[in-house]
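Below, each chain spelled out in residue letters.
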Amino acid sequence: MQFRIGNFGLRILLYSNPKSAFRNSKSNMRTIWWEEERVKLLDQTKLPHRVEVVECTRWEEVAEAIRTLKIRGAPAIGVAGAFALALAARTLPSRTREEFLEALTHISRQIQQTRPTAVNLSWALHRLLQFARNYPGNFQELPSLLLEEAGRIAQEDIETNRAIARHGSSLIKPGERILTYCNTGSLATVDYGTALGIIRAAHEQGKGVHVYVCETRPVLQGARLTAWEVLQYGIPATLITDNAAGFLMRKGQVDRVLVGADRIARNGDVANKIGTYTLAILARFHGIPFIVAAPLSSVDFEAPDGWAIPIEERPPEEVTHIGGLRIAPEGIQVANPAFDVTPADLVTAIVTERGIATPPFKESLEGLRSRAMVS
Ligand code: MRU
């Protein structure tokens with residue numbers, strides 16, 4: 001299935017699949033869903049030029065889509081991982097419950113290795129495995145139950161993002177100029193987004209915000225995806241090179257930096273797209289609040305600090321090539337860490353679905369974990 005943006009809006013594309021059991025009628029954009037006995041996801045590597053849907057009937061295809069960034073962004077990766085494992089469960093040739101659980105655990109490990117930094121992936125896989133291990137009934141019922149559980153995770157993600165947007169938008173003052181990084185919108189989640197969701201909510205509340213979108217080298221999630229999303233929502237925005245951020249701050253054009261997270265350690269250290277740390281230092285130097293937005297599923301309470309977070313190293317071609325065109329000479333050595341860690345000292349606040357954590361984060365994050373969801 002393929003639509004060109006000029007001919008059909010994304011809205012039309014998604015509404016062309018109205019039978020999906022997991023579709024939320026209030027949503028107007030969805031990155032991943034279950035339909036016609038398969039997982040369907042928007043191919044983000046084709047955006048903004050083409051809106052294409054990838055259809056996966058095997059777990060290996062979903063895992064490959066995660067590895068190659070067809071689906072990306074911590075919460076979306078988690079949901080994709082859950083659907084991948086649910087797909088796997090449908091094809092396991094197991095004779096006993098033990099065999100089934102062992103095979104499921106083995107596949108879960110393989111899915112987890114596709115993107116090691118975003119903790120939402122292991123969080124979602126763990127949730128499905130626990131569901132399977134604790135299920136008291138006949139294990140042959142598990143494949144369909146696991147699929148339902150993956151659908152629930154997807155649905156919860158939308159509700160979580162709406163709650164993050166509600167909490168986070170209370171921080172935004174009228175007329176603010178907000179600088180954001182990477183893509184944290186609908187495309188990085190199931191729908192609505194985290195940091196970009198907050199900006200979207202502030203825009204919908206008529207606060208007259210303006211967004212500076214950093215292009216986000218090397219894969220250009222900002223230029224390709226965030227720029228495309230803000231145009232869909234009608235949010236006033238300006239695309240800048242990553243290198244321009246400091247100069248804009250110096251000229252007084254940035255009131256707030258708002259980013260997402262791939263994994264947050266217990267002490268509030270934040271792993272996010274490579275370059276986030278640089279922005280946090282710039283923000284501190286210029287006295288600008290640096291806000292992180294993420295679901296509590298992005299907080300790794302097992303990781304005492306950022307040093308415990310595995311940082312994914314991605315292929316050198318992401319640096320030596322742009323849009324398939326080689327820009328660096330053959331033979332040059334390349335380092336391509338996909339994420340960096342911003343120390344908690346540089347973070348002003350972390351917005352979650354259960355409220356806003358402020359320093360000291362060890363206490364405030366723990367407090368939010370034990371607090372019931374407030375609507
Ligand atoms: O490599 P990506 O594109 O998956 O990285 C995504 C990011 O770094 C996002 O900022 C982060 O996942 C937060 S998404 C709500």
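Structure's up top.
Residues numbered from 1 in each chain as written. Predicted model: local features only at pLDDT ≥ 70, side-chain atom pairs only at ≥ 80, totals over all residues. Heavy atoms only, no water.

S.K.: What is the right way to read the overall build of the chain from this model?
M.R.: Within the chain, the regular secondary structure consists of 12 helices and 17 strands. Relative to the compact-globule value of 21 Å for 375 residues, the chain shows a C-alpha radius of gyration of 20 Å, a close match. Counting only C-alpha atoms and orienting by the principal axes, one finds that the chain spans roughly 65 × 50 × 50 Å. The buried share among the 375 residues of the chain stands at 57%. Excluding contacts between residues fewer than 6 apart, the proportion of contacts in the chain whose partners are at least 24 apart in sequence is 72%. In the structure as shown, the chain presents an accessible area of about 15,800 Å², 53% of it carried by carbon and sulfur atoms. Charge centroids of the chain, computed over 43 positive and 40 negative side chains, lie 4 Å from each other. (Helix = DSSP H or I, 4+ residues; strand = E, 2+ residues; numbered from the N terminus. Rg over C-alpha atoms; globule rule 2.2 N^0.38 Å. Buried < 20%, exposed > 50% of the residue type's maximum accessible area, 1.4 Å probe, protein only. Contact = heavy atoms within 4.5 Å. Areas by Shrake-Rupley, 256 points an atom, 1.4 Å probe, with all protein chains shown as cover. Lys, Arg positive; Asp, Glu negative; His and termini not counted. Charge placed at Lys NZ, Arg CZ, Asp CG, Glu CD.)

S.K.: So what exactly am I meant to see when it comes to the packing of aromatic side chains here?
M.R.: Per the counting criterion, the structure on display carries 2 aromatic pairs. Pairing Phe 100 with Phe 139 gives two aromatic rings, centres 5.7 Å apart and planes at 50°, and the pair type is tilted. One end of the pair, Phe 100, is in helix α4 (residues 97–112); the other, Phe 139, is in the loop between α5 (119–134) and α6 (142–169), and 39 residues separate them in sequence. Judged by relative accessible area, Phe 100 falls into the buried class, the value being 2%. Of note, Arg 200 hangs over the ring of Tyr 233, and the distance from its end group to the ring centre comes to 3.9 Å. Positioned above the aromatic ring of Phe 339 is the side chain of Lys 273, whose terminal nitrogen or guanidinium carbon lies 4.3 Å from the ring centre. (Phe/Tyr/Trp six-rings, centres within 6.5 Å; stacked < 30°, edge-to-face > 60°. Lys NZ or Arg CZ within 6 Å of the ring centre and 35° of its normal.)

S.K.: So what exactly am I meant to see when it comes to the packing of helix α3 (residues 74–91) against α4 here?
M.R.: The angle between the axes and the distance between the axes are what describe a pair of packed helices. Running from N to C, α3 and α4 cross one another at 145°; their axes reach a closest spacing of 10 Å. In terms of crossing hand, the pair formed by α3 and α4 is right-handed. Contacts between α3 and α4 involve Gly 81, Ala 84, Leu 85, Ala 88 and Ala 89 on the former and, on the latter, Phe 100, Leu 104, Ile 107, Ser 108 and Ile 111. Taken together, the residues of the contact of α3 with α4 sort by class into 8 nonpolar, 2 polar and no charged. (Axes fitted to C-alpha atoms, helices over the stretch in contact; angles between N-to-C directions. Left-handed = near helix turned anticlockwise from the far one by under 90°. Nonpolar A, V, L, I, M, F, W, Y, C, P; charged D, E, K, R; others polar.)

S.K.: Explain the nonpolar core here, please?
M.R.: Burial of nonpolar side chains together is a common tendency in soluble globular proteins. The biggest cluster of nonpolar side chains holds 49 residues, and the ones touching the most others in it are Ile 32, Val 39, Phe 83, Phe 100, Leu 104 and Leu 146. When contributions to this core are tallied by element, the ones reaching two or more residues are β2 (32–35), β3 (38–42), β4 (50–56), α2 (59–67), α3, α4, α5 and α6. For this core, the element with the highest residue contribution is α3, accounting for 13 residues. Other than its neighbours up to four places away in sequence, Leu 104 contacts Leu 85, Ala 89, Leu 92, Leu 129, Ala 132 and Leu 146. Counting 34 residues, the second largest nonpolar core, distinct from the first, contains Ala 261, Ile 264, Leu 279 and Val 299. (Core = buried A, V, L, I, M, F, W, Y, C linked by side-chain atoms within 4.5 Å.)

S.K.: Would you mind showing me how to read α3 here?
M.R.: Each α-helix turn comprises 3.6 residues. Residues three or four places apart therefore point the same way. With 18 residues, α3 extends 27 Å between its outermost C-alpha atoms, agreeing within 8% with the 26 Å of an ideal straight helix rising 1.5 Å per residue. In terms of residue burial, α3 counts as a mostly covered element, since 16 of its 18 residues are buried. (Expected span 1.5 Å × (residues − 1).)

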